[in-house]
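Listed below, chain by chain, are the residues.
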Amino acid sequence: EVTALAAQKHGLNASLSGESSGRQIWHFVGEENDGAGGCEAFDPAKNPNSSDQLYRRERLRTWRQKHGDDVPVKDPLERALKFYRKLQVDDGHWAGDYGGPHFLSPGLVVMWYVTGRRDSVLDANQRNAMKRYYENHQQSDGGWGTHIESPSTMFGTTLTYVALRLLGEPAEAPRLRKARTFIHYHGGATYTASWAKFALCLLGCMDWEGHESVPPEMWLLPRWCPFHPCRMWCHARMVYLPMGYLWGSRWVYADAETDETVLSLRRELYPESYEKIDWRASRSLVAPIDDYSPVGVPMKLAQLVLRCYESSFILKPFRAFVRRRGLAFSADYCKAEDLQTNFVDIGPVNKVYNMLVAYDRNDGTFDAHCLRVPDYLWVAEDGLKMQGYNGSQCWDLSFATQAIAEARLGDAAYLEDCVVKAWNYLERTQILSTEVSQASPAFRYEDAINREKYFRHVSKGGWPFSTSAHGWPISDCTAEGLKSVLALRNLQCVMKKGTSISDERLCDAVDVILALQNADGGFATYENNRGYGWYEWLNPSEVFGDIMIDYSYVECSMASNGALARFREAFPTHRQREVDRALARGNAFLKSIQREDGSWYGSWGCCFTYAGWFGIEGLVDSGEDPSTSEPVQRACAFLLKHQRANGGWGEDFTSCFDKAYAADGMRDYGDDGSGVVPTAWALLGLMAGRCADQAAVRKGVAYLERRQLESGDWPQEGIAGVFNRACGITYTAYRNVFPIWALARYREEYLLHS
Ligand code: LAN
């Protein structure tokens, strides 16, 4: 029944270009099934970031077939827009590579293996293309990083090694020998990070005694208890949920004791003999190269207490009772999450583990889950990867549309069609309550959520990051969605041809934003902050930083401030006092987290440059007069200080990891330290702050124009996105949307007002 629901609502045969709900599915056709599709050879040593050639070529080809060749355009902005509109998918969004992390697809491979190696989870073409990806990203030391630009870690290496073996690569293949040397040099798989250990335990290549406790009965604590997991950041919560279930039932691959590959892996992964390993003693081991956030003393103590609890004889009957109830609650909660998200699930890690829980529940939902695996897979010239989300559709689209609106080109004949399609995507993607309009068959689920029981924040009126089927609303995605709608709604083409969005829906969006403001005046990602800073002492992940609670971020706060301000202009009477107050508090929050040197630390993009734009624009949107505001001028001075000799700005991932500005700029994959994406961010910030140094801005704009390719595209440089301090994530749309926006702002706003 559930399978039928998913199939019917989301058009399973949809190809990448024919979807109506943002779904991105790759089909392998003819000879292109090696994942390369005739692309130029991919050389990760030059730049491990794919430039999304497969997708872009396919789109350009389709465009040319329909519309013929473009007349060459001189104007850089027009050239960029004429290029970018060609990449749009029929349903209105722009697709793109959202890969980057290396630790995601191995989890999928393990799940595919332990649930019976079905083609419905991963077919042969997908597996081949996945192997190609792993091969492409192996580094000269034999290892793999946590993400494509990271130095090798045990986390990335053990997982990828195991995935390659499960996909059929022989242990004696030279690349695997090399990887094994790396693993053994760092002490063997007992030194990998806990999330990798978890996968090894499921597969039967590590004893569960080697894994710290994840008791599912923590869900039974009373809600007021500060240790109740509902207070965690939703991503951590939704990952530890299926983990608790699988740990609590000590789930292991049924054929582990006879499976040749598993038995061999037990020999390959450890320098000592598997039988002799002291698993209990190995639990807390972790290689220094993985140990980004060392587990704090409080967590170590908690683990000690849990060890006693786990082995206590007296507590056995009590434990058995609460464990059973904890497992039952976890299984139900996983299922609720599956249904709420149409089996997409909030992210790639819980997708895989929830699938395993569904397999274990054996209630028929596993098949529905299989249909949603391709949503996470993306093919580029470096092979097939599992993405960090089921795409970044709504997010990228909201920037593209705001850029077009700011360029005052929304009604230009060559963009009309593109704008109307994008508008319709925004309309279809907003999360509504119960009604399902004709134009929007996607499952809108507010009433199905069982919100209170499963700790969900309000959704009605929000926008998600990707698709309405996913449906978790996010503060800044809601805000950027609302800003886009406000920017487009008065265009002639939208009024004539777009699906209407009622004022009431815009008010709903503002209600979501208002509800998401934290006590400190800032905005977190999906929910209000429900916990305390000291939770970070309990972060068990080792490889990630600041994952325990939903903090207030400069990015989410700027977006929310901007949306409130623009909404107030359009609807001055809706919750007037609350909106005013929220803006004043938002403004104070942004000032409170600005660093002495004028910068802000960026959590979701690289890094101080990204946050600089958000910080400045957020301050201005919340009422700061740029010409007199000291914080705005200090922020502009910070950005100006980092302009490079070639006129651009550059910052690479190390800034995020080290939490300090990487003075060498975009070191490895930029252009003499600069890059087009950071340059565009810096310019957007400076122009929002009405920077008085016009020469610097002009130089930055000239830099963007100089780097533009003949086609109107820009080159793909270093990785632009980040999460959890330590993991990079790819946004291929950024090299288009932000330069376009910066050029637009320069022409339409800055020159006129300065
Ligand atoms: C994202 C993607 C979008 C991103 C923005 C909207 C850009 C940001 O402004 C707020 C945070 C958010 C929503 C975000 C949070 C962390 C995510 C979900 C991701 C970076 C995509 C992947 C990542 C997720 C945690 C990856 C899975 C890994 C785990 C450690 C669970």
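Not measured: the values here are computed from a predicted model. (Residues numbered from 1 in each chain as written. Predicted model: local features only at pLDDT ≥ 70, side-chain atom pairs only at ≥ 80, totals over all residues. Heavy atoms only, no water.)

Section: the pairing of strand 4 (residues 383-386)
Line of reasoning, step 1. Strand direction decides the pairing type here: strand 3 (residues 377-380) and strand 4, joined by 4 bridges, are antiparallel. Of the residues in strand 4, the one forming a bridge with Leu 377 is Met 386.
Line of reasoning, step 2. The hairpin formed by strand 3 and strand 4 contains 2 residues between the paired strands. (Pairing = 2+ DSSP bridges. Helix = DSSP H or I, 4+ residues; strand = E, 2+ residues; numbered from the N terminus.)

A short note on the UniProt feature "domain: Squalene cyclase N-terminal" (unreviewed entry) in the chain
Line of reasoning, step 1. Taking the numbering used here, the UniProt-annotated feature "domain: Squalene cyclase N-terminal" (unreviewed entry) corresponds to residues 78-331.
Line of reasoning, step 2. Helix makes up 50% of residues 78-331 and strand 2%, whereas the separation of the span's terminal C-alpha atoms amounts to 53 Å. (UniProt positions renumbered as here; feature names shortened; annotations may be inferred.)

Regarding the site of the ligand
Line of reasoning, step 1. Around the ligand, the surrounding shell holds 21 residues, and the nearest of these are Tyr 98, His 235, Gly 388, Phe 465 and Asp 476.
Line of reasoning, step 2. Asp 476 is positioned with one of its side-chain polar atoms (N or O) 2.3 Å from an oxygen atom of the ligand.
Line of reasoning, step 3. Considering the ligand on its own, with 630 Å² of exposed area, one finds that the protein chains cover 99% of that surface.
Line of reasoning, step 4. Within the shell around the ligand, the residues separate by chemical class into 16 nonpolar, 4 polar and 1 charged. (Near = heavy atom within 4 Å. Polar contact = N/O pair within 3.5 Å; in protein donor to acceptor, adjacent residues only side chain to side chain. Areas by Shrake-Rupley, 256 points an atom, 1.4 Å probe, with all protein chains shown as cover. Nonpolar A, V, L, I, M, F, W, Y, C, P; charged D, E, K, R; others polar.)

Some words on the packing of aromatic side chains
Line of reasoning, step 1. On inspection of all chains with the given rule, the structure shows 60 aromatic pairs.
Line of reasoning, step 2. Between Phe 608 and Tyr 661, the ring centres sit 6.2 Å apart and the planes meet at 45°, which makes this aromatic pair tilted. With Phe 608 in helix 23 (residues 608-621) and Tyr 661 in the loop between helix 25 (654-658) and helix 26 (676-688), this pair connects stretches of sequence that are 53 residues apart.
Line of reasoning, step 3. With relative accessibility at 1%, the residue Phe 608 sits in the buried group.
Line of reasoning, step 4. Judged by its relative accessible area of 19%, Tyr 661 is buried.
Line of reasoning, step 5. Here Lys 82 stacks its cationic end above the ring of Tyr 414, 4.7 Å away from the centre of that ring.
Line of reasoning, step 6. The residue whose ring lies beneath Arg 250 is Trp 247, and the NZ or CZ to ring-centre distance is 3.9 Å. (Phe/Tyr/Trp six-rings, centres within 6.5 Å; stacked < 30°, edge-to-face > 60°. Buried < 20%, exposed > 50% of the residue type's maximum accessible area, 1.4 Å probe, protein only. Lys NZ or Arg CZ within 6 Å of the ring centre and 35° of its normal.)

Regarding the nonpolar core
Line of reasoning, step 1. In terms of nonpolar packing, the biggest core is built from 230 residues, with Leu 108, Leu 203, Leu 269, Leu 482, Tyr 734 and Phe 738 touching the most fellow members.
Line of reasoning, step 2. In this view, Leu 203 contacts Val 110, Tyr 113, Val 114, Val 162, Leu 166, Tyr 253, Ala 256, Val 262 and Leu 265; residues no more than four positions away in its chain are not counted. (Core = buried A, V, L, I, M, F, W, Y, C linked by side-chain atoms within 4.5 Å. Contact = heavy atoms within 4.5 Å.)

A closer look at the pattern of salt bridges
Line of reasoning, step 1. Applying the stated criterion to the full structure yields 51 salt bridges.
Line of reasoning, step 2. Here Glu 427 ties to Arg 505 by a salt bridge, and the two come within 2.9 Å at their closest N and O atoms. Taken as a pair, Glu 427 in helix 17 (residues 416-429) and Arg 505 in helix 20 (residues 503-515) lie far apart in primary sequence, 78 residues in all. Across this residue pair, the class does not change: Glu 427 and Arg 505 are buried.
Line of reasoning, step 3. Linking Arg 575 and Glu 578 is a salt bridge whose minimum nitrogen-to-oxygen distance equals 2.9 Å.
Line of reasoning, step 4. Given the relative accessible area of 40%, Glu 578 is considered partly exposed.
Line of reasoning, step 5. If you follow the salt bridges from partner to partner, you end up with Glu 209, Glu 212, Arg 280, Arg 283 and Arg 307 in one network. (Salt bridge = Lys/Arg side-chain N within 4 Å of Asp/Glu carboxyl O.)

Description of the side chain of Ser 392
Line of reasoning, step 1. As for its position among the elements, Ser 392 is in the loop between strand 4 and helix 16 (393-406).
Line of reasoning, step 2. By relative accessible area, Ser 392 is classed as buried at 7%.
Line of reasoning, step 3. Side-chain polar atoms of Ser 392 contact the side chain of Asp 396, separated by 2.7 Å.
Line of reasoning, step 4. Residues contacting Ser 392, with those up to four places away along its chain left out, are Tyr 98 and Phe 465.

What about helix 14 (residues 348-361)?
Line of reasoning, step 1. Given a rise of 1.5 Å per residue, 14 residues ought to cover 20 Å, and the 20 Å separating the end C-alpha atoms of helix 14 matches this to within 8%.
Line of reasoning, step 2. Counting buried positions over the 14 residues of helix 14 gives 12, a clear majority of the element.
Line of reasoning, step 3. Among all positions of helix 14, only Pro 348, Val 349, Asn 350, Lys 351, Val 352, Tyr 353, Asn 354, Met 355, Leu 356, Val 357, Ala 358 and Arg 361 are buried.
Line of reasoning, step 4. Check the buried side of helix 14 and you find it contacts helix 4 (105-114), helix 8 (194-203), helix 9 (234-248), helix 13 (316-340), helix 15 (365-371) and strand 4.
Line of reasoning, step 5. Downstream of helix 14 by a residue or two, Asn 362 has a phi angle that is positive, lying close to 55°. (Expected span 1.5 Å × (residues − 1).)

Here we look at the environment of Ala 281
Line of reasoning, step 1. Locating Ala 281 in the fold gives a position in helix 11 (residues 279-282).
Line of reasoning, step 2. What makes Ala 281 partly exposed here is its relative accessible area of 45%.
Line of reasoning, step 3. On a C-alpha basis, the gap between Ala 281 and Val 701 in space is 58 Å, while along the polypeptide they are 420 residues apart.

Considering the confidence of the model for the chain
Line of reasoning, step 1. Averaged over all residues, the pLDDT of the chain is 92; the fraction at 70 or higher stands at 94%.
Line of reasoning, step 2. pLDDT under 50 marks residues 1-19. Its contacts with residues more than four places away, or in other chains, come to 36 contacts.
Line of reasoning, step 3. For residues 32-38, every residue scores under 50 in pLDDT, and the model assigns this stretch 14 contacts once sequence neighbours within four places are set aside.
Line of reasoning, step 4. Two numbers describe this predicted complex: its pTM, 0.94, and its ipTM, 0.95. (pLDDT = per-residue confidence, 0-100.)

Description of a nonpolar patch on the surface
Line of reasoning, step 1. The grouping of Leu 221, Phe 227, Tyr 532, Trp 534 and Trp 537 at the surface amounts to a nonpolar patch, some 540 Å² of accessible area in total.
Line of reasoning, step 2. When you line up the elements, Leu 221 lands in the loop between helix 8 and helix 9.
Line of reasoning, step 3. On the basis of relative accessibility, which here comes to 31%, the residue Leu 221 falls in the partly exposed class. (Patch = residues over 30% accessible without salt bridge, like charges linked within 9 Å, V, L, I, M, F, W, Y side chains within 5 Å.)

Side note on the packing of helix 9 against helix 13
Helix packing for two helices is described by the angle between their axes and how far apart those axes are.
Line of reasoning, step 1. Axis separation between helix 9 and helix 13 bottoms out at 9 Å; the angle between their running directions is 135°. Between helix 9 and helix 13, the angle is such that the two are oblique. Here helix 9 and helix 13 pass one another in a crossing that is left-handed. The segment helix 9 lies against helix 13, with Arg 237, Met 238, Leu 241, Pro 242, Gly 244, Tyr 245, Trp 247 and Gly 248 engaging Arg 323, Leu 327, Ser 330, Ala 331, Tyr 333, Cys 334 and Glu 337.
Line of reasoning, step 2. A breakdown of the residues in the contact of helix 9 with helix 13 according to their chemical character gives 9 nonpolar, 3 polar and 3 charged. (Axes fitted to C-alpha atoms, helices over the stretch in contact; angles between N-to-C directions. Parallel < 35°, antiparallel > 145°, perpendicular 65-115°, else oblique. Left-handed = near helix turned anticlockwise from the far one by under 90°.)

Section: the environment of Gly 545
Line of reasoning, step 1. By the element assignment, Gly 545 lies in the loop between helix 20 and helix 21 (554-570).
Line of reasoning, step 2. Sequence separation between Gly 545 and Glu 569 is 24 residues, and the spatial gap between their C-alpha atoms is 39 Å.

Some remarks on the packing of helix 2 (residues 53-67) against helix 3 (residues 76-86)
Line of reasoning, step 1. For the pair helix 2 and helix 3, interaxial distance at closest approach is 8 Å and the crossing angle is 95°. Taken together, the axes of helix 2 and helix 3 lie roughly perpendicular to each other. Every residue of helix 3 that contacts helix 2 at Arg 56, Arg 59, Leu 60 and Trp 63 is listed here: Phe 83, Arg 85 and Lys 86.
Line of reasoning, step 2. Of the residues contributing to the contact of helix 2 with helix 3, the split by class is 3 nonpolar, no polar and 4 charged.

Some details on unusual backbone geometry
Line of reasoning, step 1. Of note, Phe 343 is a non-glycine position whose phi angle comes to about 70°, a positive value.
Line of reasoning, step 2. Accessibility expressed as a relative area gives 2% for Phe 343, which makes it buried.
Line of reasoning, step 3. Despite not being glycine, Arg 725 has its phi angle at roughly 70°, a positive value.
Line of reasoning, step 4. Looking at the element boundaries, Arg 725 is found in the loop between strand 5 (721-723) and strand 6 (727-729).

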